[in-house]
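Report on the structure
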2 protein chains.
Amino acid sequence: MTTHLPHPHHPDVPEEINGLRMTRQRQEVYRFLLGERSHPTANEVFMRIKEALPHVSLATVYNCLEALVQHNAIRKVNFDREPSRYCPNLAEHGHFHDETTGTIHDVKFKPGISLADVLDLPPNTVIKDVEITLRGQLT
Amino acid sequence: MTTHLPHPHHPDVPEEINGLRMTRQRQEVYRFLLGERSHPTANEVFMRIKEALPHVSLATVYNCLEALVQHNAIRKVNFDREPSRYCPNLAEHGHFHDETTGTIHDVKFKPGISLADVLDLPPNTVIKDVEITLRGQLT
DNA sequence: AATTTAAATTAGAATAGTTCTTGATCCAAT
DNA sequence: ATTGGATCAAGAACTATTCTAATTTAAATT
Ligand SMILES: [Mn+2]
Ligand SMILES: [Mn+2]
Ligand SMILES: [Zn+2]
Ligand SMILES: [Zn+2]
């Protein structure tokens, strides 16, 4: 193993996000996700940032993704038991899985809609997180 | 390996469900799920029906569960990447995960509510399946 | 600037839920 | 009774993810 030169920071990603120090690896992961709307998997992130960081490991990609999720910089989304995917859209939204193409699309809530209006929730329920997944076809 | 005596069918489960022949193993899996509201995992089903079928294998439980799901007799529900759980409630409903107790509760939709009323769906979208998951606390 | 301390990264092993493979067994139809 | 297809059982294989341990990097302290 060779020694590494210090990694310059990328200009368009801040040095810190929500108290998380942005190392070079975290920057590459975060920057790639910001420009992606495809909800890539950890492995897809890994293959992509290897172009900029040939020595990066998959474990580090998992570490970076987890750190970014923990600091609310990105979101982790799951479809059934498929590999987890990662989403840079921090607004509350759902996910539509187009079965024809395999693509995933963000779906916004209509303005002014609250879940309590739609769901028959038990009393004294405090909702911390909501997940809405749709499967179907774009005709 | 010893030879097995023929297994009698259980009186309260039909011989066939939606075209799926109900073997003794499928009957035990199905009958246990019908009486459960806890959304058990495959392993929990396995441990429970072993009491009635000591020779049953975990692979068979997975096979039975998959067959029942495929024939719309039960539903498979996933929470993040936790082990899959199985639900006998065929009505359209969501799942509330109580973080305090770890229990899962079915959540009905309010009558007369359509998803198109709530979500800003792209045009020409045909929804085949919806999944709503809530996480929070029952205070 | 050198030293110390802590955080982050890496490579590979380990984990765990699920699926697959293969041979045995069951069952319906001939 | 025999055949053929479905089902089952046991264990191996698979795979996304997590863990471990050693190294490297960065921050903090002297
Ligand atoms: Mn992946
Ligand atoms: Mn299980
Ligand atoms: Zn998204
Ligand atoms: Zn349910």
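Residues numbered from 1 in each chain as written. Chains lettered and ligands numbered in written order. Predicted model: local features only at pLDDT ≥ 70, side-chain atom pairs only at ≥ 80, totals over all residues. Heavy atoms only, no water.

A few words now on the sheet that holds strand β7 (residues 119–120) of chain B. Spatial strand order, β7(A)-β6(B)-β5(B)-β8(B)-β8(A)-β5(A)-β6(A)-β7(B): eight strands in an open sheet with mixed pairing. The open sheet has two free edges, formed respectively by β7 (119–120) of chain A together with β7 of chain B, since each of these has just one partner strand. Across two bridges, strand β6 (residues 104–109) of chain A lies against β7(B) in antiparallel orientation. Considered in β7(B), the bridge of A:F109 is made with B:L119. (Pairing = 2+ DSSP bridges. Helix = DSSP H or I, 4+ residues; strand = E, 2+ residues; numbered from the N terminus.)

Residues and elements named next belong to chain A. Here helix α3 (residues 58–70) contains 13 residues, and its C-alpha end-to-end distance of 18 Å stays within 8% of the 18 Å for a straight helix at 1.5 Å per residue. The complete set of buried residues in α3 reads V61, C64, L65, A67, L68 and V69. Each element contacted by the buried residues of α3 is listed here: β2 (20–21), α1 (24–34), α2 (42–49), β3 (75–77) and β4 (85–87). Positive backbone phi, at 55°, marks N72, one or two positions downstream of α3. (Expected span 1.5 Å × (residues − 1). Buried < 20%, exposed > 50% of the residue type's maximum accessible area, 1.4 Å probe, protein only. Contact = heavy atoms within 4.5 Å.)

On to the environment of A:F109. Mapped onto the secondary structure, A:F109 falls in strand β6. A:F109 sits in the buried class, given a relative accessible area of 19%. Note: C-alpha distance between A:F109 and A:S57 (52 residues apart in sequence) is 37 Å. Those residues in contact with A:F109, other than ones at most four positions away along the chain, are A:E92, A:H93, A:I132, B:V118, B:L119 and B:D120.

In this section: the interface of chain B and chain A. Contacts between the two partners involve 38 residues from chain B, matched on the other side by 38 residues from chain A. Across the interface of chain B and chain A, roughly 3500 Å² is buried in total on both sides, 53% from carbon and sulfur atoms. Where chain B meets chain A, there are four salt bridges. At the junction of chain B with chain A, the criterion picks out 21 residue pairs in polar contact (both at pLDDT 80 or more). For the side of chain B that touches chain A, the elements supplying multiple residues, two or more each, are β6 (104–109), α4 (115–118), β7 and β8 (125–138) of chain B. (Buried area = accessible area lost by both parts, 1.4 Å probe. Salt bridge = Lys/Arg side-chain N within 4 Å of Asp/Glu carboxyl O. Polar contact = N/O pair within 3.5 Å; in protein donor to acceptor, adjacent residues only side chain to side chain.)

A word on the confidence of the model for chain A. Residues with a pLDDT of 70 or more make up 91% of chain A, whose mean pLDDT is 91. Below pLDDT 50 for its whole length, residues 1–5 of chain A participates in one contact with residues either more than four positions away or in separate chains. (pLDDT = per-residue confidence, 0-100.)

The next subject is the pattern of salt bridges. Applying the stated rule across the entire model yields 16 salt bridges over all chains. The residue B:R135 makes a salt bridge to A:D129 at a minimum N-O spacing of 2.7 Å. Taken together, the residues span two chains, with B:R135 in strand β8 and A:D129 in strand β8 (residues 125–138). Residue classification places A:D129 among the partly exposed residues on the basis of a relative accessible area of 24%.

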